[in-house]
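Reading the structure
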Amino acid sequence: MAPARCCCCCCCWGGAVAAADAARRVLALLLVGVLCAWPRPGALASEHYTPLSLLKQELQHRQQQEAPAGGGCSPQSGDWGDQYSAECGESSFLNFHDSDCEPRGSPPCDSLLSLNTEKILSQAKSIAEQKRFPFATDNDSTNEELAIAYVLIGSGLYDEAIRHFSTMLQEAIESFKEALKQKVDFIDAYKSLGQAYRELGNFEAATESFQKALLLNQNHVQTLQLRGMMLYHHGSLQEALKNFKRCLQLEPYNEVCQYMKGLSHVAMGQFYEGIKAQTKVMLNDPLPGQKASPEYLKVKYLREYSRYLHAHLDTPLTEYNIDVDLPGSFKDHWAKSLPFLIEDYEEQPGLQPHIKDVLHQNFESYKPEVQELICVADRLGSLMQYETPGFLPNKRIHRAMGLAALEVMQAVHRTWTNSKVRMNGKTRLMQWRDMFDIAVKWRRIADPDQPVLWLDQMPARSLSRGFNNHINLIRGQVINMRYLEYFEKILHFIKDRILVYHGANNPKGLLEVREALEKVHKVEDLLPIMKQFNTKTKDGFTVNTKVPSLKEQGKEYDGFTITITGDKIGNILFSVETQTTEERTQLYHAEIDALYKDLTAKGKVLILSSEFGEADAVCNLILSLVYYFYNLMPLSRGSSVIAYSVIVGALMASGKEVAGKIPKGKLVDFEAMTAPGSEAFSKIAKSWMNLKSISPSYKTLPSVSETFPTLRSMIEVLNTDSSPRCLKKL
């Protein structure tokens, strides 16, 4: 794409802009592809970039993670963050480091930048220094952002960059609206406005913007692609599929639409069409020297998982265990998003002709009592939605987790009446993991694209190295909007830890440190203070949180690690991560085991008693148990909603129903992780749950496990459209 073309587009509705604030506004537009209306077909960015120095640091870190087993760390998608990685070492209470790559072993600190990355860095650096781009400013950091965006735009990387520059979304939205006042038929503005709204989680506004773009051009491929992806993640799979099919009619080799078409088919139980689409993606091998697309890297895992699901469509769910059945190396690579290079891997059997695809089930074909069960599940699931920018409502997930909560309720109640359950081919008394496994199975089938796996069931070698759930909160000029609510809370915690550290190591200077910290109101201002009072700080420091034990008073477990690093021009990297290792997992399991034993005993008493004190004690035990689950983060994906569905279900078993929604800006997992203890978390959670006595009608609902005993029946109920009938019932 020629730079001059971008300039012309901009001049037609605004002219040259010189001020730094205006330049950031233009950057927001650049990032979402508004200024250049000729995008590369099917292109979606798979990487995100920061100002140059932090960009280099971040990409080094990422590529170290992608190093093969035996050195470095490996990335993997996380439920509440950017990526998981195998840990390369441990950090103590308060650590200091003086390089962009903290040495935790010899391999990770070596430069592993790819030629493509080096090319981007080189081009951006040159452009920034010479100010060879529109709207250069006197601010070097802003120029670096503009230069990187300029290079990315020139490389065809557009809308996906929005989610990594999320703090600019509202600014971008206003810019799009202004652009549309000047040019009402600006298709790309409508398209990118829709994507910006989608990233904010505003489904209705995004749908309206995408529709306006398609009214101007019904064959606009990128809009079809983006709208289809939004619909898939909203749980509207049939509508999503229509968009992907139309996209492929116009552009048969669009890899994103082909992959999403296959995924949509598989999610709905249409395995033959799904695997056919997956195979087309697999055949699209990258050219020599060409980087493989994210879809190409993921599709082999999806195909193997699809084959496994198809083979077990009609097998009772109680008779097999995905975590046991799938090969360890397959799970490990899939969870870490590694290329499908698995030694001695034996493919899953192909589709068996005698196993038919899942057929569409009309809501009216279910018995009235099952219809009622579905409607209750939809309502319960909607209470688990985060009202925070960046979280798109997903009605399929809502139903799945609502049904999970009801099944947990029924299973826990049976356990408290001394009944046994059948799990993984065995009949026995239910354990705490069985309770969570109920929610895990529903979360898995709701979206087969995401590997929801128990981390302690990974290969021993992988577990010994550990898995990290890593979140970037601030990176350069980019702030992660999802966690804004917790910045001040984390800042206060860091200040307290710094004071404790200086009290122990620098008591004479403690007063001066305290006075300096009182003037700090932003995380970004902490690093200069640390450099001033501790020569070890140099480029950054880490602070570790602790989780107090209920089982052994005075004992503490490792919580999460806060890292703040900076470069010479003032950019910072502010992140948090949790480490899942075998030792840490065993400690948390012992805590959860003790709480579950106590919960079961008190639950059995509660069944025979109507005393308020018993119900309150059971409620606190449920929330305490899940508090440790949240801090452990034992799953590769989905830990947050899985844990919350267990809370809702177990509370219903105790006779209490959650009637309140999660408050705006609140994330339940982060509430648990930033709470000083289980008692504090319980108090916070109960403040919004609005607990009330459970409706007597819940006791007459059909058994979820008996009504939906197989994958086929689970997929059928997730596919069915209940909206007209359930809305009437409400």
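Not measured: the values here are computed from a predicted model.

Criteria and cut-off values
Residues numbered from 1 in each chain as written. Predicted model: local features only at pLDDT ≥ 70, side-chain atom pairs only at ≥ 80, totals over all residues. Heavy atoms only, no water. Disulfide = S-S within 2.5 Å. Helix = DSSP H or I, 4+ residues; strand = E, 2+ residues; numbered from the N terminus. Buried < 20%, exposed > 50% of the residue type's maximum accessible area, 1.4 Å probe, protein only. Expected span 1.5 Å × (residues − 1). Arc of directions from axis to C-beta. Contact = heavy atoms within 4.5 Å. Polar contact = N/O pair within 3.5 Å; in protein donor to acceptor, adjacent residues only side chain to side chain. Pairing = 2+ DSSP bridges. Salt bridge = Lys/Arg side-chain N within 4 Å of Asp/Glu carboxyl O. Phe/Tyr/Trp six-rings, centres within 6.5 Å; stacked < 30°, edge-to-face > 60°. Core = buried A, V, L, I, M, F, W, Y, C linked by side-chain atoms within 4.5 Å. Axes fitted to C-alpha atoms, helices over the stretch in contact; angles between N-to-C directions. Parallel < 35°, antiparallel > 145°, perpendicular 65-115°, else oblique. Left-handed = near helix turned anticlockwise from the far one by under 90°.

What follows concerns the state of the cysteines. Tallied over the entire structure, the rule returns two disulfides. In this model, Cys247 is linked to Cys257 through a disulfide, with the two sulfur atoms separated by 2.1 Å. Residues Cys247 and Cys257 share a disulfide whose torsion about the S-S bond is about 90°; that sign makes it right-handed. Of this pair, Cys247 sits in helix α10 (residues 237–250) while Cys257 sits in helix α11 (residues 255–267); the two residues are ten residues apart in sequence, bridging distant segments of the chain. In terms of burial, Cys247 and Cys257 fall into one category: buried.

Attention now moves to helix α12 (residues 271–282). In a regular helix each residue adds 1.5 Å, so twelve residues correspond to 16 Å; α12 covers 16 Å between its end C-alpha atoms and thus fits that length. Within α12, the full set of buried residues consists of Phe271, Gly274, Ile275, Ala277, Gln278, Val281 and Met282. Angularly, the buried residues of α12 cover 160° about the axis, an arc narrow enough to put them on a single face. Buried-residue contacts for α12 involve α11 and α13 (294–311).

Turning our eyes to something else, we now look at the side chain of Lys336. As for its position among the elements, Lys336 is in the loop between α15 (328–335) and α16 (368–382). A polar contact is formed between the side chain of Lys336 and the side chain of Asp332, at a distance of 3.0 Å.

Let us look at helix α27 (residues 678–689). Its twelve residues place the ends of α27 16 Å apart at the C-alpha level, agreeing with the 16 Å of an ideal helix rising 1.5 Å per residue. Buried residues of α27: Ser678, Phe681, Ser682, Ala685, Trp688 and Met689, and no others. Projected down its long axis, α27 carries its buried residues within an arc of 140°, all on one side. Looking at α27, the residues exposed on the side facing more than 90 degrees away from the buried face are Glu679, Lys683 and Ser687. Just downstream of α27, Asn690 is the residue with a positive phi angle, here 50°.

In terms of burial, strand β5 (residues 467–475) is a largely internal element, nine of the nine residues being buried. As judged from the eight bridges shared by β5 and strand β9 (residues 572–580), these two strands associate in the antiparallel manner. Its bridge partner being in β9, Ile471 is matched across the sheet by Val576. Sheet topology note: the β5/strand β6 (residues 478–479) ladder contains two bridges and is antiparallel. Opposite Arg475, over in β6, you have Val478 as the bridge partner.

Our focus in this paragraph is the environment of Phe708. As for its placement among the helices and strands, Phe708 is situated in the loop between α28 (704–707) and α29 (711–719). Residue classification places Phe708 among the buried positions, given a relative accessible area of 1%. Phe708 sits 305 residues away from Leu403 along the chain, and the two C-alpha atoms are 9.8 Å apart. Those residues in contact with Phe708 that lie beyond four places of it in its chain are Leu317, Tyr366, Val370, Leu373, Leu403, Trp442, Ser713, Met714 and Val717.

Turning our eyes to something else, we now look at the pattern of salt bridges. Summed over all chains, the structure comprises 24 salt bridges. Taking the shortest distance from any N to any O, the salt bridge between Glu304 and Arg307 comes out at 3.2 Å. Residue Glu304 and its partner Arg307 are both found in helix α13; the two are separated by three residues, about one turn of the helix. By relative accessible area, which is 1% here, Glu304 ends up buried. The salt bridge partner of Arg399 is Asp378, with a shortest N-O separation of 2.8 Å. Highlighted residues: Arg399 in helix α17 (residues 395–416) and Asp378 in helix α16, separated in sequence by 21 residues. Neither residue differs from the other here; Arg399 and Asp378 are each classed as buried. Among the charged side chains, a network of salt bridges with common partners joins Arg303, Glu304, Arg307 and Glu347.

Here the structure, examined in full by the defined rule, presents 24 aromatic pairs. Ring centres of Phe330 and Tyr345 lie 5.8 Å apart, and the angle between their planes is 20°; on these two criteria the pair is classed as stacked. Of the two residues, Phe330 sits in helix α15 while Tyr345 sits in the loop between α15 and α16, which places them 15 residues apart along the sequence. In this structure, Phe330 and Tyr345 share a single accessibility class: buried. Both rings, one in Trp432 and one in Phe436, keep their centres 5.9 Å apart while their planes meet at 80°; by these two values the pair is edge-to-face. Taken together, the positions of Trp432 and Phe436, both in helix α18 (residues 432–446) and four residues apart, correspond to about one turn of that helix. When sorted by exposure, Trp432 lands in the same class as Phe436, which is buried. One aromatic cluster in this structure is built from Tyr301, Tyr305, Phe330, Trp334, Phe340 and Tyr345.

The next subject is the pairing of strand β7 (residues 540–548). Across the nine residues of β7, seven count as buried, placing the element largely inside the fold. As paired elements, β7 and strand β8 (residues 556–566) share eight bridges and run antiparallel to each other. Considered in β8, the bridge of Val547 is made with Tyr557.

The subject of this paragraph is the side chain of His234. Positionally, His234 belongs in the loop between α9 (221–233) and α10. Judged by its relative accessible area of 13%, His234 is buried. Residues in contact with His234, not counting those within four places in the same chain, are Phe203, Leu392, Pro393, Asn394, Lys395 and Arg396.

Our focus in this paragraph is the nonpolar core. Among soluble globular proteins, nonpolar side chains are generally buried collectively. Grouped together as the largest cluster of nonpolar side chains are 148 residues, with contacts concentrated most on Phe436, Trp442, Phe574 and Tyr644. The dominant element in this core, judged by the number of residues it contributes, is helix α24 (residues 612–632), at 13 residues. Every residue in contact with Trp442, bar those within four places of it in the chain, is listed here: Ala400, Met401, Leu403, Ala404, Glu407, Val704, Phe708, Met714, Val717 and Leu718.

In this section: the packing of helix α21 (residues 510–518) against helix α22 (residues 526–533). Remark: α21 packs on α22, axes separated minimally by 10 Å, with the N-to-C direction vectors making an angle of 165°. As far as their axial angle goes, α22 and α21 are roughly antiparallel. Relative to α22, the crossing made by α21 is right-handed. Between α21, through Glu512, Val513, Ala516 and Leu517, and α22, the contact on the second element is made entirely by Leu526, Ile529, Gln532 and Phe533.

Let us now look at unusual backbone geometry. Positive phi outside glycine occurs at Ser337, with the angle close to 55°. Mapped onto the fold, Ser337 is located in the loop between α15 and α16. Of note, the phi angle at Asn690 is positive, near 50°, even though the residue is not glycine. Relative to the helices and strands, Asn690 resides in the loop between α27 and β11 (692–693).

Attention now moves to the environment of Met409. For Met409, the position within the fold is in helix α17. Residue class for Met409 comes out buried when judged on its relative accessible area of 7%. Leave out the neighbours within four places in its chain, and Met409 touches Gly649, Met652, Ala653, Ile694 and Tyr698.

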